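Listed here are the chains, written in short residue letters.
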Amino acid sequence: MYEIKKNYRDNAVLRESFNKLANSIFCLNFEDWYQNGLWTDKYNPYSIVRDGEVIANVSVNQTDLIFDGNIKHFLQLGTVMTRKDFRSQGLIREIMAAIDADYKGKMDEIYLFANDNVLNFYPKFGFEKTAEYLYSKRISNSGECQFAKVPMYEKIAWEQLRSAMERNVFQGRLDLIHNPELILFYVTKFMQEDVYYHADSDTYVIAESSGEEVFLHNIFSSTLHRLDEVTALFGRGIKEVKLGFVPKKEDHCESAELLIEDCTFFTRSENPPIFISEKLRIPSLAHA
């Protein structure tokens, strides 16, 4: 016999089993995220448990987004996995039904990112392939880069970045809100060397650079409102900035359809979908 378990992040036995399965399939482990106090009830695994072991899972992550000044309630599905010896038994279908029962009518949109080998699976649940868009801008600066790297190896650095999120005035057209823990999942694990700070303007950026190009994931500033004000701080060595978020229309960026290998964006909307008509993307650090 098995049962669906949820809201169990403080159950050490089930959490260990969940992490064991996630590590075997995705090479992911959420234990440090939990121990650092960053795993909140916004991230909730729905797991099928048999004999005390997690054998299948779909996690839900509440990712509220602010679009043109209005809060939209989004739900992301992720960490979809089944232990190899229990596959093709309809377990994920049962979990999806449980999620639908809990969230039907409560979300503006539900989305997920799928690997190529399951592209025919999610349309069975009403999901549709949806285009995302990448925004970029050519820049021409003078002077040296004014950002200083802030390594994210210590808790004090995380707390300072989180504080900056709370006093942030910079805003794109579609931004993640109310979920700093998800952004901190990245910067405390995979992007510890990708956070920079400009003290004079009290501006943090999360960015990856390669040659003359910067991929700018996020901006948190208490003083700067415009993208050009931030990109000017990168100095003359950077010629192009690509964005992990949707800029405001007045930022005058170029857009192109975002294509990522083995990663297809699916959405299911209870309201008219906005991603294609408005050329949007999920913020790059809002993937769970």
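For the structure itself, look to the data block above.
The present account deals with the structure reproduced in this document. The structure displayed is predicted, hence computed values, not measured ones.

Rules behind the numbers
Residues numbered from 1 in each chain as written. Predicted model: local features only at pLDDT ≥ 70, side-chain atom pairs only at ≥ 80, totals over all residues. Heavy atoms only, no water. Helix = DSSP H or I, 4+ residues; strand = E, 2+ residues; numbered from the N terminus. Rg over C-alpha atoms; globule rule 2.2 N^0.38 Å. Buried < 20%, exposed > 50% of the residue type's maximum accessible area, 1.4 Å probe, protein only. Areas by Shrake-Rupley, 256 points an atom, 1.4 Å probe, with all protein chains shown as cover. Lys, Arg positive; Asp, Glu negative; His and termini not counted. Charge placed at Lys NZ, Arg CZ, Asp CG, Glu CD. Core = buried A, V, L, I, M, F, W, Y, C linked by side-chain atoms within 4.5 Å. Pairing = 2+ DSSP bridges. Axes fitted to C-alpha atoms, helices over the stretch in contact; angles between N-to-C directions. Polar contact = N/O pair within 3.5 Å; in protein donor to acceptor, adjacent residues only side chain to side chain. Phe/Tyr/Trp six-rings, centres within 6.5 Å; stacked < 30°, edge-to-face > 60°. Lys NZ or Arg CZ within 6 Å of the ring centre and 35° of its normal. Contact = heavy atoms within 4.5 Å.

Each helix and strand counted, the chain has six helices and 17 strands in total. In terms of overall dimensions, the chain is globule-like: its C-alpha atoms have a radius of gyration of 20 Å, near the 19 Å expected for 288 residues. If one aligns the C-alpha atoms of the chain with their principal axes, the spans along those axes are about 65 × 40 × 30 Å. In the chain, buried positions account for 51% of the 288 residues. Roughly 14,100 Å² of accessible area belongs to the chain as shown, and the carbon and sulfur atoms make up 47% of that amount. When the 33 basic and 43 acidic side-chain charges of the chain are each reduced to a single mean position, those positions are 3 Å apart.

Despite not being glycine, cysteine 27 has its phi angle at roughly 55°, a positive value. Considering the arrangement of structural elements, one finds cysteine 27 in the loop between helix H1 (12–26) and helix H2 (31–35). Despite not being glycine, aspartate 202 has its phi angle at roughly 50°, a positive value. Note that aspartate 202 resides in the loop between strand E12 (195–198) and strand E13 (203–210).

Another point: the nonpolar core. Formed by 69 residues in total, the largest nonpolar core has its most connected members in Val205 and Leu216. Ranked by residue count, the leading element in this core is helix H5 (residues 180–187), at six residues. Val58, Leu77, Met96 and Phe125 belong to the second-largest nonpolar core, a separate cluster that totals 24 residues.

Moving on to the sheet that holds strand E3 (residues 53–62). Sheets are built from strands paired through backbone hydrogen bonds, the pairs being either parallel or antiparallel. Taking strand neighbours across the sheet as the criterion, the seven strands line up as E1-E2-E3-E6-E7-E17-E8 in an open arrangement whose pairing is mixed. Looking at the sheet topology across the chains shown, the edges are occupied by strand E1 (2–5) and strand E8 (128–129). Summarising the sheet, E1 and strand E2 (residues 43–50) pair through four bridges and their orientation is antiparallel. Across the sheet, residue isoleucine 4 finds its bridge partner in E2, namely isoleucine 48.

One open sheet accounts for three strands, arranged E5-E4-E11; its pairing is antiparallel. At either margin of the open sheet sits one strand with a lone partner, and together these are strand E5 (70–72) and strand E11 (174–176). Strand-to-strand twist of the sheet, defined as the mean angle between neighbouring strand axes without regard to direction, takes the value 30°. Both strand E4 (residues 65–67) and E5 contribute to a ladder of three bridges, which runs antiparallel. From the neighbouring strand, isoleucine 66 faces E5, where its bridge partner is isoleucine 71.

Let's shift gears to the side chain of asparagine 57. Note on placement: asparagine 57 falls in strand E3. There is a polar contact of 2.9 Å between the side chain of asparagine 57 and the backbone oxygen of threonine 79.

This part is about the environment of valine 13. Relative to the elements of secondary structure, valine 13 occurs in helix H1. Note on valine 13: relative accessible area 58%, which makes it exposed. Each C-alpha atom of the pair valine 13 and valine 54 lies 9.8 Å from the other, and the pair is 41 residues apart in sequence.

Our focus in this paragraph is the packing of aromatic side chains. Throughout the structure, instances matching the rule amount to 27 aromatic pairs. Taking the centre distance of 5.7 Å and the plane angle of 70° together, the rings of phenylalanine 185 and phenylalanine 190 count as edge-to-face. A network of ring pairs unites the aromatic residues Phe18, Phe30, Trp33, Tyr34, Trp39, Tyr43, Phe185, Tyr186 and Phe190 as a single cluster. Between the NZ or CZ atom of arginine 15 and the centre of the ring of tyrosine 34, over which it lies, the distance is 3.7 Å.

What follows covers the environment of glutamate 31. You can see glutamate 31 is positioned in helix H2. When sequence neighbours within four positions are dropped, the list of residues in contact with glutamate 31 reads Arg15 and Asn19. Within the structure, the side chain of glutamate 31 is placed 3.3 Å from the side chain of asparagine 19, a separation counted as a polar contact.

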